[in-house]
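One-letter residues, chain by chain:
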Amino acid sequence: TFKVREETGEFLLTLSNQGEVLEKKPRFDIPSGFPKDLKLISSVTAGTRTAHLGERNAKYYFVTEGETRGPYNDACLYSDGVNIHTTGVVLNDKKAYVVHDGKKGKEYDTIFTPLSVSPKGNHMAYLVREGDRYAMVLDGEEGESFQDISRPGVFNPDGRYLTYQAREGEKQ
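Residues numbered from 1 in each chain as written. Predicted model: local features only at pLDDT ≥ 70, side-chain atom pairs only at ≥ 80, totals over all residues. Heavy atoms only, no water.

S.K.: Could you give me a rundown of the sheet that holds strand S4 (residues 39–46), with the residues and numbers involved?
M.R.: Overall, antiparallel pairing links the four strands, which are arranged S4-S5-S6-S7 in an open sheet. Two strands close off the open sheet at either side, each with one partner strand: S4 and strand S7 (67–72). Between one strand axis and the next, the sheet turns by 20° as a mean value, whatever way the strands run. As judged from the four bridges shared by strand S6 (residues 59–64) and S7, these two strands associate in the antiparallel manner. In the strand pairing of S7, Phe62 is matched with Arg69. (Pairing = 2+ DSSP bridges. Helix = DSSP H or I, 4+ residues; strand = E, 2+ residues; numbered from the N terminus. Axes fitted to C-alpha atoms, helices over the stretch in contact; angles between N-to-C directions.)

Dropping the structure here:
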């Protein structure tokens, strides 16, 4: 079995020894209503709702209930088991910001990716820079700023704690 990429998506082909196609089937099902110009990256279901993350030209898009939102420079689609969450990062020439569940967040000089999601999907964190100061943003709330922060922050296995290394002067 060989995996090949076609313009319409990814397929698994079963070939004979002579190279004839014996079977061609989608590697995954493309959801009905999913835009044909996007490559499906992932899907998440919570209850009866399903959301999809697609990509086109190194930009990311969320597709939920037939609505497409984007483009984003980076994106994260996840569920806490009850709700589906979408977080996209927009980087432009002057500022960067996060759009979480459709709501635009504070603008920063830089937002570093990847975004960190807790194991249960109930917390989201990312590192930001404003001027010469760095801070972690947890669930939309900016934490204390420091001279430097190692990136990215990491959640412990149960998601109750976010750990990162920060430096202020000689203190770490």
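S.K.: Which residues make up the packing of aromatic side chains, and what are the values?
M.R.: Counted under the stated rule, the structure contains two aromatic pairs. Arranged with centres 5.4 Å apart and planes meeting at 50°, the rings of Phe62 and Tyr72 form a pair that is tilted. With Phe62 in strand S6 and Tyr72 in strand S7, this residue pair connects regions lying 10 residues apart in the sequence. By the burial criterion, Phe62 is buried, and Tyr72 matches it. Directly above the ring of Tyr97 sits Lys104, whose terminal nitrogen or CZ lies 4.4 Å from the centroid. (Phe/Tyr/Trp six-rings, centres within 6.5 Å; stacked < 30°, edge-to-face > 60°. Buried < 20%, exposed > 50% of the residue type's maximum accessible area, 1.4 Å probe, protein only. Lys NZ or Arg CZ within 6 Å of the ring centre and 35° of its normal.)

S.K.: So what's going on with the pattern of salt bridges? Residues and values would help.
M.R.: On inspection of all chains with the given rule, the structure shows eight salt bridges. Measuring nitrogen to oxygen at the nearest pair gives 3.0 Å for the salt bridge that ties Glu65 to Arg49. Residue Glu65 is found in the loop between S6 and S7, and its partner Arg49 is found in strand S5 (residues 49–56); the two are separated by 16 residues along the sequence. Of the charged contacts in the structure, one is a salt bridge between Arg133 and Glu168, with a shortest N-O distance of 2.9 Å. Residue Arg133 is located in strand S14 (residues 133–138), and its partner Glu168 is located in the segment after strand S19 (166–167); the two are separated by 35 residues in the primary sequence. Owing to a relative accessible area of 28%, Arg133 belongs among the partly exposed residues under this scheme. Connected via shared salt-bridge partners are Lys95, Asp109, Arg129 and Glu130. (Salt bridge = Lys/Arg side-chain N within 4 Å of Asp/Glu carboxyl O.)

The values are spatial; any link to function lies outside them.
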